[in-house]
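# Structural features, examined
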Amino acid sequence: MARYGARVRTVVFLDADTIAKCNDLGARYRASRSEVLRISVELGLKEVRPALRRLQRLRATDYKPARGGGSTPSAPAASSAPVLPGSPYQQLLAYGNSFLAMSEDSSPAALRVALGAHAQALGFPDEDVAPTIEQVLEAVLGDDGLGGGGDDDTSPLPPD
């Protein structure tokens, strides 16, 4: 497993049996529950894509996932959002560089998807996302690295 820099606290609700299994694994291998969950998510994401594609085909085209467990999107709590230094553009640029340094799939298409998801998490206005991503791609990859890519099954998916 790669070592990461700053981590972001994320609240996830799991059933008691799953937490007990994570605690047992942690005790058995001298790991924290957080480590068990982080490794499980990192390894499990590779298997998630086919299930998400099936769900996507079943959903209405105007489906918008709910955030915060409600039926409509909600704003994140001020206390739970990490305070990051620099402008949103600088944060996105730093994320792009980190993604390339840590990702097994560092294709322009995979980076574009990851940047789009991170731009949404940073709260970029919809009309600014695409041009900002192109600027970051040019800064991170240079003119010769831009090539885009088709929709292939190896690129990562952005979060809801």
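One structure accompanies this document, and this report is about it.

Definitions and limits used
Residues numbered from 1 in each chain as written. Predicted model: local features only at pLDDT ≥ 70, side-chain atom pairs only at ≥ 80, totals over all residues. Heavy atoms only, no water. Helix = DSSP H or I, 4+ residues; strand = E, 2+ residues; numbered from the N terminus. Buried < 20%, exposed > 50% of the residue type's maximum accessible area, 1.4 Å probe, protein only. Areas by Shrake-Rupley, 256 points an atom, 1.4 Å probe, with all protein chains shown as cover. Patch = residues over 30% accessible without salt bridge, like charges linked within 9 Å, V, L, I, M, F, W, Y side chains within 5 Å. Salt bridge = Lys/Arg side-chain N within 4 Å of Asp/Glu carboxyl O. Core = buried A, V, L, I, M, F, W, Y, C linked by side-chain atoms within 4.5 Å. Contact = heavy atoms within 4.5 Å. Axes fitted to C-alpha atoms, helices over the stretch in contact; angles between N-to-C directions. Parallel < 35°, antiparallel > 145°, perpendicular 65-115°, else oblique. Left-handed = near helix turned anticlockwise from the far one by under 90°. Expected span 1.5 Å × (residues − 1).

So, about the overall build of the protein chain. Within the protein chain one finds 5 helices and 0 strands. Tracing the protein chain from N to C terminus, the helices and strands come up as α-α-α-α-α. The buried share of the protein chain, taken over its 160 residues, is 17%. Element-wise, carbon and sulfur atoms account for 55% of the exposed surface of the protein chain, whose accessible area totals about 11,900 Å².

Here we take up a nonpolar patch on the surface. Together, Val41, Leu45, Val48, Leu52, Leu55 and Leu58 make up a nonpolar patch on the protein surface, roughly 530 Å² of accessible area in all. Position of Leu52 among the secondary structure elements: in helix α2 (residues 33-58). Overall, Leu52 belongs to the partly exposed group, its relative accessible area being 34%.

The next subject is the nonpolar core. The biggest cluster of nonpolar side chains holds 14 residues, and the ones touching the most others in it are Leu92, Leu111, Leu115 and Leu137. At the level of secondary structure, the elements contributing two or more residues to this core comprise α3 (88-102), α4 (108-122) and α5 (126-141). Tallying contributions element by element places α5 first for this core, with 6 residues. The contacts of Leu92, once residues within four sequence positions are left out, are Leu115, His118, Ala119, Leu122, Phe124, Thr132 and Val136.

Running from N to C, α4 and α5 point in directions that differ by 130°, and their axes come no closer than 10 Å. Of the possible angle classes, the one that applies to α4 and α5 is oblique. Regarding α4 and α5, the two cross each other, and that crossing is right-handed. Between α4 and α5, the contacting residues are Pro108, Leu111, Arg112, Leu115, Gly116 and Ala119 on the first element and Val129, Ile133, Glu134, Val136, Leu137, Val140 and Leu141 on the second.

Along its 15 residues, α4 runs 20 Å from first to last C-alpha, staying within 8% of the 21 Å computed at 1.5 Å per residue. Where α4 is concerned, the buried positions are Pro108, Ala109, Ala110, Leu111, Ala114, Leu115, Gly116, Ala117, His118 and Ala119. Residues of α4 that are buried in the fold lie against α3 and α5. Within two residues after α4, Gly123 carries a phi angle of roughly 85°, on the positive side.

Here the idea is simple: oppositely charged side chains can pair when their charged atoms come close. Taken as a whole, this structure holds 2 salt bridges when the rule is applied. Measuring nitrogen to oxygen at the nearest pair gives 3.2 Å for the salt bridge that ties Glu134 to Arg112. Here Arg112 lies in helix α4 and Glu134 lies in helix α5, a separation of 22 residues in the sequence. For Arg112, a relative accessible area of 26% corresponds to the partly exposed category.

Turning our attention to unusual backbone geometry. Even without being a glycine, Arg30 presents a positive backbone phi close to 50°. Along the chain, the position of Arg30 falls in the loop between α1 (16-28) and α2. In this structure Arg30 comes out as exposed when scored by relative accessible area, which is 80%.

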